[in-house]
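Structural overview for review
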Amino acid sequence: MEAVAPRLGVRTTAFGMRKPEDVEEAFKRGAALGAHAYMVGQGGIAISLLQEIVDRVNQLKVPAQFPGAQFVEKGGLMSYAASVEYNYRLAAGYVDKIFKGTKPGELPIQQPTKFELVVNLKTANTLGLHIPHLVLLRADRVIE
């Protein structure tokens, strides 16, 4: 993202969130820099403070992309991420193989192969954003 942003005329700034207190500080820094959008990364803090982060972004009335559908289900604008449900199914297959005698070290490491785009139209409307019809057609799920 940092490599492509300058070519698109976009500035990116990373705000690390390692502990709960970092969340408010990250949003203060974003506001001071005049952030027009946010991209929330995956991590323990983001998951544990999911609703707080979604609410804070929505209070700022700026668009945000989140690391999973659970954020969009709680009111976030959109996510494009590996399908958690699909990955759990793959993990269940690994557990089955281990129970049947395969040694864990003999199983290959897999990268996610199924990604899903989830869009929350209610949030888009609240933010005054128009989501193009082609984006909605490509979405795996649209929350209305």
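Note: the structure precedes this text.
Everything numeric in this text was worked out from a predicted model, so none of it was measured.

**Looking at the sheet that holds strand S5 (residues 141–143)**
Within a sheet, each strand pairs with its neighbour through backbone hydrogen bonds, oriented either parallel or antiparallel. A sheet is described by the order of its strands in space; here five strands give the open sequence S1-S2-S3-S4-S5, paired in mixed fashion. Edge positions in the sheet fall to strand S1 (38–39) and S5, since each of these pairs with one other strand and no more.

**Brief notes about the side chain of Asn120**
Mapped onto the elements, Asn120 comes out in strand S4 (residues 115–120). Of the residues examined, Asn120 reaches a relative accessible area of 5% and is grouped as buried. Of the polar contacts made by the side chain of Asn120, one reaches the backbone oxygen of Val72; its length is 3.0 Å. At 3.1 Å, the side chain of Asn120 forms a polar contact with the backbone nitrogen of Lys122. Look past the residues within four positions of Asn120 in its chain and what remains in contact with it is Val72, Gly75, Gly76, Leu77 and Ile143.

**Side note on unusual backbone geometry**
At Lys61, a residue that is not glycine, the phi angle is positive and equals roughly 60°. One can find Lys61 in the loop between helix H3 (50–60) and strand S2 (64–66).

**Digging into helix H1 (residues 21–33)**
One full turn of an α-helix is made of 3.6 residues, so residues set three or four places apart face in the same direction. Its 13 residues place the ends of H1 19 Å apart at the C-alpha level, agreeing with the 18 Å of an ideal helix rising 1.5 Å per residue. For H1, every residue scored as buried is listed here: Asp22, Val23, Ala26, Phe27 and Gly30. End-on, the buried residues of H1 take up no more than an arc of 135°, which puts them together on one face. Exposed residues pointing more than 90 degrees away from the buried face of H1 are listed as Glu21, Ala31 and Ala32. Backbone geometry just downstream of H1 places Gly34 in the positive-phi region, at approximately 75°.

Cut-off values and rules
Residues numbered from 1 in each chain as written. Predicted model: local features only at pLDDT ≥ 70, side-chain atom pairs only at ≥ 80, totals over all residues. Heavy atoms only, no water. Pairing = 2+ DSSP bridges. Helix = DSSP H or I, 4+ residues; strand = E, 2+ residues; numbered from the N terminus. Buried < 20%, exposed > 50% of the residue type's maximum accessible area, 1.4 Å probe, protein only. Polar contact = N/O pair within 3.5 Å; in protein donor to acceptor, adjacent residues only side chain to side chain. Contact = heavy atoms within 4.5 Å. Expected span 1.5 Å × (residues − 1). Arc of directions from axis to C-beta.

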